[in-house]
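# Analysis of the macromolecular model
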Amino acid sequence: MKNVNRLFLIIAIIILVIIGRYFMAQNEVTVIPDVTAVTNEQVIETVRGSYCWHSAGEAECVDTAAPHEIIIAQKTPYVKVHPGEVMEFQYSQNVTSVSIQQWIDDYDYKEIATSTRFNAPLEKGMYIISSMARFSNGDVTDSIAIEVE
C-alpha cells in the first residue's frame, strides 16, 4: 500500500511540474524585441542583423552579413547628427547587457559603450554604429548609419 501511495505522489508531482512549465511558457516573451535609436531631435530606424532567439522550447538563429554590408544592400540612408550628440538604442524589452560598436574599415570595429546611451563621434564623417544586445531569451544585433556634420 505504501508503494501505491508513493507512486500516486510521484505521478502527481510530475503532473504539477508539467502544468507549471506550461503556464511559465505562456508568460514567456516569444517575440524578438523592437529596437530604435534616438537622439534629442529624432528617431532613427535600425537595421536588423544577426540574432539568436529562443522561446517556448524553440530556437532560431540567423546569421547575416556584416553591418556595413547590410547598410549598403538595403540602401539605408545616413542620418545627420551633431558631433558628440547623445544617442540611445531603445528596446521594447529589458536588456541584460549591451555593447555599442563603431565599425571601422568594413570588418573591424571598436566598442564605444557598454550601455544603451552613447555619443556620436566628434569628427565629421559617415559612421555605422551597431548594438549587440543580450536579453533573457537571446541576443540581437541592430545597426544605424549616421553622418556627423
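To keep things clear, this report deals only with the structure shown in the data block. What you see as residue numbers is a count from 1 along each chain, following the sequence as written. Where local features are concerned, this predicted model is filtered to residues with pLDDT of at least 70; where side-chain atom pairs are given and counted, the filter is 80 or more; whole-chain, interface and lining totals use all residues. Side-chain numbers come from the whole structure's heavy atoms, not from hydrogens or water.

This next bit is on the nonpolar core. In this structure, M87, F89, F118, I129, I144 and I146 are the most contacted members of the largest nonpolar core, which totals 22 residues. Each helix corresponds to a stretch of at least 4 residues labelled H or I by DSSP, and each strand to a stretch of at least 2 residues labelled E; elements are numbered beginning at the N terminus. When contributions to this core are tallied by element, the ones reaching two or more residues are β1 (35-38), β3 (47-55), β6 (86-91), β7 (97-104), β10 (125-135) and β11 (138-148). Pairs of residues are marked as contacts when any of their non-hydrogen atoms sit within 4.5 Å. Dropping the residues within four chain positions of it, F118 is found in contact with E85, V86, M87, E88, F89, I100, I112, A113, I129 and I144. Counting six residues, the second-largest nonpolar core is a separate cluster that includes V47, I70, I71 and W103. What makes a nonpolar core is a set of buried Ala, Val, Leu, Ile, Met, Phe, Trp, Tyr and Cys residues whose side-chain atoms join them at distances within 4.5 Å. Each residue is placed in one exposure class: buried if its accessible area under a 1.4 Å probe, protein chains only, is under 20% of its type's maximum, exposed if it is over 50%, and partly exposed if it falls in between.

What counts as a ring pair is set by centres within 6.5 Å for rings of Phe, Tyr and Trp (its six-membered ring), and what kind of pair is set by the plane angle: stacked under 30 degrees, edge-to-face over 60, tilted for all other angles. Enumeration over the complete set of coordinates arrives at four aromatic pairs. Geometrically, the ring pair formed by W53 and F135 is edge-to-face, given 5.7 Å between the ring centres and 65 degrees between the ring planes. With a gap of 82 residues between them, W53 in strand β3 and F135 in strand β10 connect regions that are remote in the sequence. On the basis of relative accessible area, W53 is assigned to the buried category, the value being 6%. For F135, a relative accessible area of 4% translates into the label buried. Consider the rings of W103 and Y109, whose centres lie 4.9 Å apart with planes at 45 degrees: the pair is tilted. A residue is classified by how much of its surface remains accessible, and W103, at 17% relative accessible area, is buried. Taken together, the ring pairs connect W53, Y91 and F135 into an aromatic cluster.

Let us now look at the side chain of S130. When you line up the elements, S130 lands in strand β10. N or O atoms within 3.5 Å of each other form a polar contact, as long as, within protein, one can give a hydrogen and the other can take it, and as long as residues adjacent in sequence are counted only when both atoms are side-chain atoms. Among the polar contacts made by the side chain of S130, one reaches the side chain of W103 at a distance of 2.9 Å. When near neighbours in sequence (up to four residues on either side) are disregarded, S130 contacts P67, F89, S99, I100, Q101, W103, D142 and S143.

All right, on to the state of the cysteines then. Note: disulfide means a covalent bond formed between the sulfur atoms of two cysteine side chains. Two cysteine sulfur atoms form a disulfide, by the criterion used here, when they sit within 2.5 Å. In the structure shown here, the tally under the stated rule is one disulfide. The disulfide partner of C52 is C61, and the gap between their sulfur atoms is 1.7 Å. What makes C52 partly exposed here is its relative accessible area of 26%.

What follows concerns the pairing of β1. Here β1 runs beside β6; their pairing, made up of four bridges, is antiparallel. Considered in β6, the bridge of V35 is made with Y91. Pairing between two strands requires that DSSP report at least two bridges joining them. With three bridges joining them, β1 and strand β2 (residues 43-45) adopt antiparallel strand pairing. Opposite T36, over in β2, you have E45 as the bridge partner. Counting the residues in the hairpin turn of β1 and β2 gives four residues.

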